[in-house]
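# Breakdown of the fold
Residues per chain are reported as follows:
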Amino acid sequence: MADTLAEMKARKVSDRNPGALVLGCDQVLNIENDILGKPADLSEARAQLKRLRGTKHMLLSAAVLYEDGNPLWRHIGIARLHMRDISDSYLEDYLNRNWDNIRHSVGGYKLEEEGVRLFNRIEGDHFTILGLPLLELLNHLTLKGALPS
């Protein structure tokens, strides 16, 4: 799903910009084969975080490069995150402090901010968790000569 969403974004922009190298990215959260999106409101963020606490989930981040309406490269990065079993009181305080920053984040957290305190173990690349498998993208662009080495 992340790959399809990233490709749709890249293709749409590429079709309108001939000759441009276009990057499309997207991310999905998978917990027990269910996909969680960005919470629509505070109540949904609370429900998502309650479901995630004390469990392991996966973030899948896809990147697709397009040029002239054609896909040139794609990558899907996977990270596994283990959330602490946070208390209801901590959860409420966290949501009250961070809602403005997390409302556009799948799962209701941002690892690059206070959201990192929700976790006790993380397996995977930091950039994949942020939503862009940056190291793989930079490596590809360097190997293809689009970036100097």
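Residues numbered from 1 in each chain as written. Predicted model: local features only at pLDDT ≥ 70, side-chain atom pairs only at ≥ 80, totals over all residues. Heavy atoms only, no water.

The cut-off we apply is this: UniProt positions are given in the numbering used here, feature names are shortened, and annotations may be inferred rather than shown by experiment.
Labelled according to an unreviewed UniProt entry, the chain appears under the name Nucleotide PPase, originating from Puniceibacterium antarcticum. Per UniProt, the chain carries the Cofactor (unreviewed entry) text "a divalent metal cation".

### Things to note about the sheet that holds strand 3 (residues 56-67)
Selection rule: When DSSP finds at least two bridges between two strands, those strands are taken to pair. A run of H or I in DSSP becomes a helix once it reaches four residues, and a run of E becomes a strand once it reaches two; helices and strands are each numbered from the N terminus. Where helices are involved, their axes are fitted lines through C-alpha atoms of the stretch in contact, as for all axes, and angles between N-to-C directions lie from 0 to 180°. Residue contacts are defined here by distance: any two heavy atoms, one from each residue, within 4.5 Å place the two residues in contact.
Strand order across the open sheet formed by five strands is 2-1-3-4-5, with antiparallel pairing between neighbours. Looking at strand neighbours, the two that pair on one side only are strand 2 (34-36) and strand 5 (119-123), the edges of this open sheet. With direction set aside, neighbouring strand axes in the sheet form an average angle of 30°. Both strand 4 (residues 70-83) and strand 5 contribute to a ladder of four bridges, which runs antiparallel. Residue Leu-81 lies in a different strand from strand 5, and its bridge partner there is Ile-122. Taken strand by strand, helix 1 (residues 2-16) contacts strand 1 (21-31), strand 3 and strand 4, and its axis lies near 160° from that of strand 1. Against the sheet, helix 2 (residues 42-52) makes contact with strand 1, strand 2, strand 3 and strand 4, and its axis sits at roughly 135° relative to strand 2, the strand it touches most.

### Focus: the packing of aromatic side chains
Aromatic ring pairs: the centre-centre distance and the angle between the two ring planes describe each pair. Which entries qualify depends on this criterion: In summary, the pairing rule links any two rings of Phe, Tyr or Trp, Trp by its six-membered ring, whose centres are within 6.5 Å, and it sorts them by plane angle into stacked for under 30 degrees, edge-to-face for over 60 and tilted for everything else. Here's how the labels work: a residue is buried when its accessible area is under 20% of the maximum for its type, exposed when over 50%, partly exposed in between, all with a 1.4 Å probe on protein chains only.
According to the stated counting rule, one finds two aromatic pairs in the structure shown. With centroids separated by 6.4 Å and ring planes inclined at 20°, the aromatic side chains of Tyr-90 and Tyr-94 adopt a geometry described as stacked. Of the two residues, Tyr-90 and Tyr-94 are both situated in helix 3 (residues 88-102); the distance of four residues between them amounts to about one turn of the helix. Comparing Tyr-90 with Tyr-94, the two get one shared label, buried.

### Concerning the packing of helix 2 against helix 3
Selection rule: Here the word oblique covers every angle except those under 35 degrees (roughly parallel), over 145 (roughly antiparallel) and from 65 to 115 (roughly perpendicular). What makes a crossing left-handed is the near helix being turned counterclockwise from the far one by less than a right angle; a clockwise turn instead makes it right-handed.
Interaxial distance between helix 2 and helix 3 falls to 11 Å at its minimum, and their mutual angle equals 135°. As judged from the angle between their axes, helix 2 and helix 3 are oblique. Judged by the twist between their axes, the crossing of helix 2 over helix 3 is right-handed. Within the contact between the two elements, helix 2 uses Leu-42, Ala-45, Arg-46, Leu-49 and Lys-50 and helix 3 uses Asp-88, Leu-91, Glu-92, Tyr-94, Leu-95 and Trp-99.

### Observations regarding the nonpolar core
What counts, and what does not: Definition used in this section: a nonpolar core is a set of buried Ala, Val, Leu, Ile, Met, Phe, Trp, Tyr and Cys residues joined via side-chain atoms within 4.5 Å.
Within the largest apolar cluster, 23 residues are counted, with the highest numbers of intra-cluster contacts made by Leu-29, Leu-49, Leu-81, Tyr-94, Tyr-109 and Leu-118. Residue contributions to this core peak at six residues, all from helix 3. Ignoring any residue separated from it by four or fewer positions in sequence, one finds Leu-81 in contact with Thr-55, Lys-56, His-57, Leu-59, Tyr-109, Leu-111, Phe-119, Arg-121, Ile-122 and Ile-129. Counting nine residues, the second largest nonpolar core, distinct from the first, contains Ala-2, Val-22, Leu-60 and Tyr-66.

### Considerations on a nonpolar patch on the surface
In plain terms, the rule: Only residues whose relative accessible area exceeds 30% and that form no salt bridge enter a patch; like-charged residues are grouped when within 9 Å of one another, and nonpolar side chains (Val, Leu, Ile, Met, Phe, Trp, Tyr) when within 5 Å. All accessible areas in this document rest on Shrake-Rupley with a 1.4 Å probe, and a residue is counted as covered only by the protein chains that are shown. Here, a salt bridge means any Lys or Arg side-chain nitrogen found within 4 Å of an Asp or Glu carboxyl oxygen.
Taken together, the side chains of Met-1, Leu-5, Met-8 and Ile-35 make up a nonpolar region of the molecular surface, amounting to roughly 370 Å² of accessible area. Here Leu-5 lies in helix 1. By relative accessible area, Leu-5 is classed as partly exposed at 30%.

### A word on the pairing of strand 1
Looking along a regular strand, one sees side chains alternate from face to face of the sheet. The buried fraction of strand 1 amounts to eight of the eleven residues, a majority that puts the element mostly inside the structure. Relative to strand 3, strand 1 is paired through ten bridges, and the arrangement is antiparallel. Looking across to strand 3, one finds that Asn-30 is bridged to Met-58. As judged from the three bridges shared by strand 1 and strand 2, these two strands associate in the antiparallel manner. Counted as the bridge partner of Asn-30 is Ile-35 from strand 2. Where strand 1 hands over to strand 2, the hairpin turn is made up of two residues, of which Glu-32 adopts a positive phi near 50°.

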